[in-house]
Amino acid sequence: MDSRLQLRVQRYGWDRAAPHYELAWNQALAPATAAVLASAALQPGEHVLDVACGSGVLTRAAWQAVARRGGEVVGTDLSEQMLAQASEQSPQCRFVRADGQQLEDSLANEEFDVVLCGLGLMYMPDPELALASMVRRLRPGGRLVASVWGERRACAWADLFPIVDAQVYSEVCPMFFRLGGGDALARALREAELVGVTTERIATTADYADAQTACDAAFIAGPVALAYSRFDDATRLAVQAEYLASIEPWRLESCYSLPGEFVIGCGKLS
Ligand SMILES: C[S@@+](CC[C@H](N)C(=O)[O-])C[C@H]1O[C@@H](n2cnc3c(N)ncnc32)[C@H](O)[C@@H]1O
């Protein structure tokens, strides 16, 4: 997919997903958020940049950790609606709309002790370009911590993408699982000239009370929201039925408990 088109699909898709995102995903994403914070080991007084901050779950927690002794947190995201939610909930933080691949456009003269990117790299057309852009915003000795979804086969909801792609005849998130496989994230962090790179793989489940809640999380609260918003009613019913068939192995009576996996990577600028 053309990278400008991918950026538009992401920007306006996440604008649509913003009102639903935290309710649908916070429970499943909580282990990744906690692991990013643990790896970052934020200290009071530090200056933190949270890239692809979304509604600000990580931004808020980072601010709690650094606020004492004059710490600051800046959140950036592509989606205005995500940023509106984040700034409403965290007026103490500064929010800037920016493509994670082009941070110099809006943060040219700023350097940070820590750059965080929680589950944002999978949506960017060129994650390596994004990592290089993030590293340029680090002070010497600064840390970068990024999380991505893990192996495709470990994420029970993964058929969502081919199901939606078949209706739009393109790929909504072409790179989605690229950094989650094998040692891909560690390699990307080293190629971004970070040292002391470590990664860990952690498990999660996305738990939904019923089929409708599982479908809402997949179709209206995440990266396919724009494509789905353009489907007619018949197509919506068809993709929902296909998706429910794909997650049927993880149905427990009327509930669903979908396993998933994250990779958390951390490195330092020497
Ligand atoms: C799954 S959400 C993660 C939000 C937040 N970091 C969290 O952990 O809850 C993915 C976010 O990436 C943002 N995003 C997608 N492409 C982006 C890009 N090129 N630059 C910056 N943000 C981007 C989306 O707007 C969305 O808010």
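Refer to the structure printed above.
Here we summarise the structure given alongside this text. Given the structure is predicted, the values throughout are model-derived calculations rather than measurements. (Residues numbered from 1 in each chain as written. Predicted model: local features only at pLDDT ≥ 70, side-chain atom pairs only at ≥ 80, totals over all residues.)

## Digging into the overall build of the protein
1) Next: When helices and strands are tallied, the protein shows ten helices and eight strands.
2) Next: Oriented by its inertia axes, the alpha-carbon framework of the protein measures out at about 55 × 35 × 30 Å.
3) Next: Of all 270 residues assigned to the protein, the portion counted as buried reaches 46%.
4) Next: When contacts within the protein are restricted to residue pairs at least 6 apart in sequence, those whose partners lie at least 24 apart make up 79%. (Helix = DSSP H or I, 4+ residues; strand = E, 2+ residues; numbered from the N terminus. Buried ≥ 20, exposed ≤ 12 C-beta atoms within 10 Å, placed from the backbone. Contact = placed C-beta atoms within 7 Å.)

## So, the site of the ligand
1) Next: Near the ligand lie 22 residues; those nearest to it are Trp14, Ala52, Gly54, Gly100 and Gly118.
2) Next: Residue assignment for the shell around the ligand shows that the elements contributing at least two residues are α1 (3-40) and α2 (57-66). (Near = placed C-beta within 6 Å.)

## Looking at α2
1) Next: Of all ten residues in α2, seven are buried; the element is thus mostly enclosed.
2) Next: Among all positions in α2, only Val57, Leu58, Thr59, Ala61, Ala62, Trp63 and Val66 are buried.

## Focus on the pairing of strand β2 (residues 72-77)
1) Next: Counting buried positions along β2 gives five out of six residues, so the element sits mostly inside the fold.
2) Next: Bridging between strand β1 (residues 47-51) and β2 involves five bridges; their strand directions are parallel. Within β2, the position partnered with His47 by the bridge is Glu72.
3) Next: In terms of handedness, the path from β1 via α2 over to β2 forms a crossover that is right-handed. (Pairing = 2+ DSSP bridges. Right-handed = clockwise from strand over helix to strand, strands pointing away.)

## A short note on the nonpolar core
1) Next: In terms of nonpolar packing, the biggest core is built from 86 residues, with Val48, Ala62, Val115, Leu116 and Val148 touching the most fellow members.
2) Next: Sort the elements by how many residues they give to this core and α1 lands first, with eleven residues.
3) Next: When residues no more than four places from it in sequence are discounted, the contact partners of Leu116 are Val36, Ala40, Val48, Asp50, Val51, Leu58, Ala62 and Val145. (Core = buried A, V, L, I, M, F, W, Y, C linked by C-beta atoms within 7 Å.)

## Considering the packing of helix α6 (residues 160-168) against helix α10 (residues 233-247)
1) Next: Relative orientation of the contacting elements α6 and α10 amounts to 155 degrees, with a least axis distance of 9 Å. By the criterion of interaxial angle, the relationship of α6 to α10 is roughly antiparallel. With respect to the hand of their crossing, α6 and α10 are arranged in right-handed fashion. The segment α6 lies against α10, with Leu160, Ile163, Val164 and Gln167 engaging Thr235, Val239, Glu242 and Tyr243.
2) Next: A class-by-class count of the residues in the contact of α6 with α10 yields five nonpolar, two polar and one charged. (Axes fitted to C-alpha atoms, helices over the stretch in contact; angles between N-to-C directions. Parallel < 35°, antiparallel > 145°, perpendicular 65-115°, else oblique. Left-handed = near helix turned anticlockwise from the far one by under 90°. Nonpolar A, V, L, I, M, F, W, Y, C, P; charged D, E, K, R; others polar.)

## A closer look at unusual backbone geometry
1) Next: The backbone phi angle of Ala41 is positive, close to 45 degrees, even though this residue is not glycine.
2) Next: Residue position: Ala41 is located in the loop between α1 and β1.
3) Next: Look at Ala41 and you get exposed, because 12 C-beta atoms sit within 10 Å.
4) Next: With phi around 65 degrees, Arg69 is a residue other than glycine that occupies positive phi space.
5) Next: Here Arg69 lies in the loop between α2 and β2.
6) Next: A residue is classified by how many C-beta atoms lie within 10 Å of it, and Arg69, with 9 of them, is exposed.

## Comments concerning the packing of helix α5 (residues 127-135) against helix α7 (residues 184-191)
1) Next: Put simply, α5 and α7 touch, their axes get as near as 9 Å, and they point 50 degrees apart. One finds that α5 runs oblique with respect to α7. In the crossing of α5 with α7, the sense of the turn from one axis to the other is right-handed. Each of Pro127, Glu128 and Leu131 in α5 lies in contact with α7, whose residues at this interface are Ala188, Leu189 and Glu191.

## Some details on helix α3 (residues 80-89)
1) Next: Within the sequence span of α3, burial applies to Met82, Leu83, Gln85 and Ala86. Seen end-on, α3 carries its buried residues on one side only, within an arc spanning 160 degrees.
2) Next: Residues of α3 that are buried make contact with α1, α2, β2 and β3 (94-97). (Arc of directions from axis to C-beta.)

## Thoughts on the pairing of β3
1) Next: Bridge count between β2 and β3: four bridges; the pairing is parallel. Bridge pairing in β3 places Gly75 opposite Phe95.
2) Next: In terms of handedness, the path from β2 via α3 over to β3 forms a crossover that is right-handed.

## A look at the environment of Leu119
1) Next: Inspection of the secondary structure assignment puts Leu119 in the loop between β4 (112-118) and α5.
2) Next: Linking Leu119 and Leu185, residues 66 residues apart in sequence, is a C-alpha distance of 12 Å.
3) Next: Once residues lying within four places of it in the same chain are set aside, the contact partners of Leu119 are Leu29, Ala32, Ser147, Val148 and Trp149.

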